[in-house]
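Structure assessment
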Amino acid sequence: MKTENYDVIVIGGGAIGLATAYHLGKRKAKTLVLEQFTFVNQLGSSAGVSRQFRIPYPDEYMVQMALDAQPYWDELEKETGTSLLDKVGTLWFGDPAVHSTEGNIAQAEQALKALNVPYTTLTAKEIEEQYHFKNLPETYTGLFQADGASINFKLTIETLLNLCRKEETVHLEENSPVLEIKQMGKLFEITTPNGIYISEKLAIIPGPYINSVINLLDFKIEATYWNMSSAYFKKTDPNIQYPTWFVFQNAEGENGNQFYGFPSVDWDHPEYIRVAPDFVIDPLEEPSDRTLIPNPQELGYTSDWVQNHMTGLATEPEYTSTCLIALSKIPNKELLIDFAPSYVPNHKNIVVYATGWAAKFTPFLGKIMSDLTLDGHTDFDISPFQLGRKYFKSL
C-alpha cells in the first residue's frame, strides 16, 4: 500500500469538506480529501440540488454568521464566473407562538432588529395576496427578508470540487472510507482501502457519518438522524413564482407541522416547485439505516399542505428524494465546531465540524475550518458552537 505525507487530511468530501480544502489550497497547504463514497454523491447531507440561503434566525449570533457568509458566496461566484444563488428573498410565516427546529418568528424579528437587518412584516392576508398562499388562519403573521436565495447546491459542490482539482497542493481520493487512525507522536496515520496517509493535522467533516470517524479516536457526539423527504410539484400556472419560504405551525390533526419550499429555477426542474416537510415521522438510530426512498406518509402530508395552502401547483409529488442529516442532541447547539476533547492525544490538531443545517454557510465554514486547522484559531467567534468536554462522550 502507498504511504504519503500531508499537512492536512480532510475527512469528508461533501460541500463543507471541499470548501475547507479549497481554502487550505489557497494557503498552499498540502491537503488530502478523503471521501468514503464518490464526490457529489446523494448519500449524505450534501444530497439534493437546492438549499436555502437565509438570514432570519432566532439568535443574533446565527444572523451574524449568515451576514458574514454573504461575501464568501460573492467571492466564490466572482472567482468562478458562476451564479450560485438565485436571490428571491426569504418568507417566514405562520403561528407566531410556534417554536420549531428553525426557530421562532418573533425571536427572529428581534435578532434582525438588533443587527439592523432590513425586513418587512406581513399579515396573513398580505402573505396570501403577495406570495400566492391561501386559506391561512387570520392569526398567522410573517416576515420577508430580501437577501434570501435559492442555492444551486449541486453546482456549488461541483464548483468547489473543480477548484480543488486545480490546486496543485490539494489531492482528492474518493471511495476511501477511513478504517483506522493511529497516533504517532504528533502525527496521524490514516488507513483507507486505497492507502496509508500521514498528516500533522485533521479536519473531520463527514456530515452525518461523524461518529464512524471520531469513534476511531475514542469519542463520539450525541446526535439524532433524519432521513428527510423531498418532492417537486408541477406548476399549473406558469406565471406563479414563490420565494424561499418556511411555515411555522402546529400539526393540523395528524398532518404534520413544518413545511418549506423553493421557487422554480432554470437549473432544477424549471416547470416544478420543490416543497418538503421539515420533520420526520421515524428518526433513524444510525446513518446506515438511511434509505433513498422517502417516507410516503411524510410526502402525503406535504401534498395535503400544497393542496390546502398553495396556488398554481398540482398536488402529486414527483422527483422524490431523501437527504440524510444529523442533528445535535445538545440543547441550543445547532452547529458543532470545535477541537477534539482534551483527553484525545494531539487534540489541538483535530478540528471537527458536525450536525445542523449549514449549506448556507458553505464557503464561510470552509474558511473557518481551514483557519482553525492551520492556525488553531479563527477571527469568527465560534464559542456558541463549541462543545466543551462535558458534551463529548468517551468510548
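Above this text sits the structure in question.
Residues numbered from 1 in each chain as written. Predicted model: local features only at pLDDT ≥ 70, side-chain atom pairs only at ≥ 80, totals over all residues. Heavy atoms only, no water.

1. Points about the overall build of the chain
A count of helical and extended segments in the chain gives eight helices and 21 strands. Expected size for 395 residues packed as a compact globule is a radius of gyration near 21 Å; at 21 Å, the chain falls within 12% of this value. Taking the principal axes of its C-alpha atoms as reference, the chain extends roughly 65 × 40 × 40 Å. Split into buried and exposed, the 395 residues of the chain put 57% on the buried side. Within the chain, contacts between residues at least 6 apart in sequence are counted, and of these 73% link residues at least 24 apart. Total accessible area on the chain is roughly 15,900 Å²; 47% of this is exposed by carbon and sulfur atoms. (Helix = DSSP H or I, 4+ residues; strand = E, 2+ residues; numbered from the N terminus. Rg over C-alpha atoms; globule rule 2.2 N^0.38 Å. Buried < 20%, exposed > 50% of the residue type's maximum accessible area, 1.4 Å probe, protein only. Contact = heavy atoms within 4.5 Å. Areas by Shrake-Rupley, 256 points an atom, 1.4 Å probe, with all protein chains shown as cover.)

2. Details of the pattern of salt bridges
Scanning all chains against the criterion turns up nine salt bridges. Of the charged contacts, one joins glutamate 167 and lysine 28 as a salt bridge, the two residues approaching to 3.2 Å between their closest N and O atoms. In this pair, glutamate 167 is assigned in the loop between helix 5 (153-166) and strand 9 (170-173) and lysine 28 in the loop between helix 1 (15-26) and strand 2 (31-34), connecting sequence segments 139 residues apart. Classification of glutamate 167 by relative accessible area gives buried; the value is 16%. Between glutamate 158 and lysine 154 there is a salt bridge whose closest N-O contact spans 2.6 Å. Of this pair, glutamate 158 and lysine 154 both sit in helix 5, four residues apart, which is roughly one turn of that helix. Relative accessible area serves as the criterion here: at 26%, glutamate 158 is assigned to the partly exposed category. Exposure remark for lysine 154: the relative accessible area of 34% places this residue in the partly exposed category. Sharing partners across several salt bridges, the network here consists of Arg27, Lys367, Asp371 and Asp375. (Salt bridge = Lys/Arg side-chain N within 4 Å of Asp/Glu carboxyl O.)

3. Structural notes on the side chain of glutamine 249
Along the polypeptide, glutamine 249 turns up in the loop between strand 15 (244-248) and strand 16 (259-261). Classification of glutamine 249 as buried rests on a relative accessible area of 1%. A polar atom in the side chain of glutamine 249 sits 2.8 Å from the backbone oxygen of asparagine 257. A polar atom in the side chain of glutamine 249 sits 3.4 Å from the side chain of tryptophan 305. (Polar contact = N/O pair within 3.5 Å; in protein donor to acceptor, adjacent residues only side chain to side chain.)

4. Things to note about the environment of arginine 54
Structurally, arginine 54 is set in the loop between strand 3 (50-53) and helix 2 (60-80). Put simply, arginine 54 and aspartate 147 are 93 residues apart on the chain and 7.0 Å apart in space, counted from C-alpha to C-alpha. In this view, arginine 54 contacts Ala66, Thr90, Trp92, Glu102, Gly148 and Lys360; residues no more than four positions away in its chain are not counted. At a separation of 2.6 Å, a polar atom in the side chain of arginine 54 contacts the main-chain carbonyl oxygen of proline 56. Of the polar contacts made by the side chain of arginine 54, one reaches the side chain of glutamate 102; its length is 2.2 Å.

5. With respect to the packing of aromatic side chains
Two aromatic rings, taken as a pair, are described by how far apart their centres are and by the angle between their planes. Under the definition given, this model contains 24 aromatic pairs. A ring pair is formed by tyrosine 260 and phenylalanine 262, whose centres lie 6.0 Å apart and whose planes are at 65 degrees; its orientation type is edge-to-face. Judged by its relative accessible area of 12%, tyrosine 260 is buried. Residue phenylalanine 262 is classed as buried on the basis of its relative accessible area, which comes to 3%. The ring of tyrosine 6 has lysine 30 lying over it, and the distance from NZ or CZ to the ring centre is 5.0 Å. Above the ring of tyrosine 57, the side-chain terminus of arginine 54 is found at 3.9 Å from the ring centroid. (Phe/Tyr/Trp six-rings, centres within 6.5 Å; stacked < 30°, edge-to-face > 60°. Lys NZ or Arg CZ within 6 Å of the ring centre and 35° of its normal.)

6. Overview of the sheet that holds strand 8 (residues 149-152)
Pairing in this open sheet of three strands is antiparallel, and the strands run 3-8-4 from one edge to the other. Unpaired on one side and paired on the other, strand 3 and strand 4 (85-86) mark the two borders of the sheet. Pairing analysis gives four bridges linking strand 3 to strand 8, with the strands arranged antiparallel. Bridging across to strand 8, glutamine 52 finds its partner in serine 150. Along the sheet, helix 5 contacts strand 3 and strand 8; its crossing angle with strand 8, the most-contacted strand, is approximately 45 degrees. (Pairing = 2+ DSSP bridges. Axes fitted to C-alpha atoms, helices over the stretch in contact; angles between N-to-C directions.)

7. Regarding unusual backbone geometry
The phi torsion at histidine 132 lies on the positive side, around 75 degrees, for a residue other than glycine. By the element assignment, histidine 132 lies in the loop between helix 4 (124-131) and strand 7 (141-145). In this structure, asparagine 346 is a non-glycine residue whose phi angle is positive, near 60 degrees. For asparagine 346, the location among the structural elements is in the loop between strand 19 (336-339) and strand 20 (350-354).

8. Considerations on the sheet that holds strand 18 (residues 318-328)
With mixed pairing, the eight strands of this open sheet are ordered in space as 6-7-5-15-16-17-14-18. Strands at the two margins of the open sheet, each flanked by one partner only, are strand 6 (120-123) and strand 18. The sheet shows a mean angle of 20 degrees between the axes of neighbouring strands, taken without regard to direction. The sheet strands contacting helix 3 (residues 105-114) are strand 5 (90-94), strand 6, strand 7 and strand 15, and the helix crosses strand 7 at an angle near 35 degrees. Running over the sheet, helix 7 (residues 296-309) touches strand 5, strand 14 (223-234), strand 15, strand 16, strand 17 (272-277) and strand 18 and is turned about 45 degrees from strand 14.

9. Describing the packing of helix 2 against helix 8 (residues 362-375)
To describe two helices that pack against each other, one gives the angle between their axes and the distance between the axes. It is at 7 Å that the axes of helix 2 and helix 8 come closest, and there the two elements cross at 100 degrees. Overall, the two elements helix 2 and helix 8 adopt an arrangement that is roughly perpendicular. Residue-level contacts link Met65, Asp68, Ala69, Tyr72, Trp73 and Leu76 of helix 2 to Thr362, Pro363, Phe364, Leu365, Lys367 and Ile368 of helix 8. Partitioning the contact of helix 2 with helix 8 into residue classes produces nine nonpolar, one polar and two charged. (Parallel < 35°, antiparallel > 145°, perpendicular 65-115°, else oblique. Nonpolar A, V, L, I, M, F, W, Y, C, P; charged D, E, K, R; others polar.)

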